[in-house]
Amino acid sequence: MADGVLIVGASRGTGLEVARLLAARGEPVTAFVRPTTDMAGLLQLRVKLWKGDVLDPRSVEGAFASGNFRAVIDTVGGRRGEPRPDYHGTRNLVDAARKAGVPRFIFVTAIGCGDSRGAVGPKVLEFLGAVLEEKTLGEDYLMASGLDYTILRPGGMTHDPASGTAIRTEDRMAMGVINRADLARLVVECLDDPTTVGKVYHTIDPAIQRQAPLQRGEDLPGGRV
Ligand SMILES: NC(=O)c1ccc[n+]([C@@H]2O[C@H](COP(=O)([O-])OP(=O)(O)OC[C@H]3O[C@@H](n4cnc5c(N)ncnc54)[C@H](OP(=O)(O)O)[C@@H]3O)[C@@H](O)[C@H]2O)c1
């Protein structure tokens, strides 16, 4: 019987928070990590590590062959100056999941992708338009794959502790900020809830009143989405 979850993008941010939640409840987790990454956060958890790169199809197939997974969770996000993993990485993951017979695929993208373009301000599109297009291609590829997908789109994100007040909504105009720890909880909620299969959600925390800098029309302080 299939058990365990493969998390891709688990070295930091949302993926690491998901790994923490799943490991804490005793779920077998394999974290797919680049050999060059800082694994400090993961090494504190009871998780298996698989080293590879989502842009390398052979390492992705190897990861799927390394366990008997019931689901894959993809929270991969690129940095400026690196090849974008959003579309080609997702393709490799989707293809490998299908080949390995792993039915469930949860994908974290961003508000502004696909049919949610109208939810983001002009500065978001100016700075992140190309990234959102890549992520949209990834979403489209997954949705056409026949896998049991759920897509979660955050807007702005913080590293603050979980508030417990974040929500998921099918309102395509919903835009806001969410703590990564809360997004991780929503990811696990979707993993546990078969009624979320085939759904695309915007994830926001209505208790956080401020908007992300780009949405406010300000320049981006960091270098990634
Ligand atoms: N930042 C924001 O405000 C924001 C807003 C909306 C949506 N998002 C999206 O939400 C998702 C989660 O973001 P986050 O900020 O929580 O995570 P993050 O800190 O951006 O982490 C990204 C993860 O992807 C991994 N990764 C990147 N390229 C890879 C590759 N080629 N092969 C394997 N792994 C690779 C990174 O590993 P390394 O440690 O090796 O780099 C890291 O574990 C991302 O898709 C992001 O684009 C972010």
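Above this text sits the structure in question.
Predicted, not measured: the structure shown is a model, and the values here were computed from it. (Residues numbered from 1 in each chain as written. Predicted model: local features only at pLDDT ≥ 70, side-chain atom pairs only at ≥ 80, totals over all residues.)

Engineer: Mind laying out the sheet that holds strand 6 (residues 148–154), listing which residues take part and the relevant values?
Structural biologist: If you trace the eight strands from one edge of the open sheet to the other, you get 3-2-1-4-5-6-10-8, paired in mixed fashion. Unpaired on one side and paired on the other, strand 3 (48–51) and strand 8 (167–169) mark the two borders of the sheet. Averaged over all pairs of adjacent strands, the angle between their axes in this sheet comes to 25°, without regard to strand direction. Here four bridges tie strand 2 (residues 29–33) to strand 3, and the two strands are oriented parallel to one another. Each residue of the ladder has a partner; that of threonine 30, found in strand 3, is lysine 48. (Pairing = 2+ DSSP bridges. Helix = DSSP H or I, 4+ residues; strand = E, 2+ residues; numbered from the N terminus. Axes fitted to C-alpha atoms, helices over the stretch in contact; angles between N-to-C directions.)

Engineer: Mind laying out the site of the ligand, listing which residues take part and the relevant values?
Structural biologist: Around the ligand sit 25 residues, and of these Gly13, Thr14, Thr37, Gly77 and Ala110 come closest. Residue assignment for the shell around the ligand shows that the elements contributing at least two residues are helix 1 (13–24) and strand 7 (156–158). Among the elements that line the shell around the ligand, the one with the most residues is helix 1, at three residues. Of the residues contributing to the shell around the ligand, the split by class is nine nonpolar, eleven polar and five charged. (Near = placed C-beta within 6 Å. Nonpolar A, V, L, I, M, F, W, Y, C, P; charged D, E, K, R; others polar.)

Engineer: Requested: an account of helix 6 (residues 180–192), with residues and values cited.
Structural biologist: Taking 1.5 Å of rise per residue, 13 residues should cover 18 Å, and helix 6 covers 19 Å from first to last C-alpha, within 8% of that figure. For helix 6, the set of buried residues is Arg180, Ala181, Asp182, Leu183, Ala184, Leu186, Val187, Cys190 and Leu191. (Expected span 1.5 Å × (residues − 1). Buried ≥ 20, exposed ≤ 12 C-beta atoms within 10 Å, placed from the backbone.)

Engineer: Go over the nonpolar core, please, and point to the residues and values.
Structural biologist: In terms of nonpolar packing, the biggest core is built from 64 residues, with Ile7, Ala19, Val72, Ala97 and Val187 touching the most fellow members. Per element, the largest residue contribution to this core is seven residues, and it comes from helix 6. Those residues in contact with alanine 97 that lie beyond four places of it in its chain are Phe64, Val72, Val102, Phe105 and Leu147. (Core = buried A, V, L, I, M, F, W, Y, C linked by C-beta atoms within 7 Å. Contact = placed C-beta atoms within 7 Å.)

Engineer: So, the pairing of strand 6: which residues are in play, and what are the values?
Structural biologist: Within strand 6, six of the seven residues are buried, which leaves the element mostly enclosed by the surrounding structure. Pairing of strand 5 (residues 104–108) with strand 6 involves five bridges; the strand directions are parallel. Residue pairing for strand 6: arginine 104 is matched across the bridge by aspartate 148. Each parallel crossover has a hand, and the one from strand 5 via helix 5 (residues 122–143) to strand 6 is right-handed. Examined bridge by bridge, strand 6 and strand 10 (residues 199–204) share five bridges and lie parallel to one another. Looking at strand 10, one finds that proline 154 is bridged to threonine 203. (Right-handed = clockwise from strand over helix to strand, strands pointing away.)

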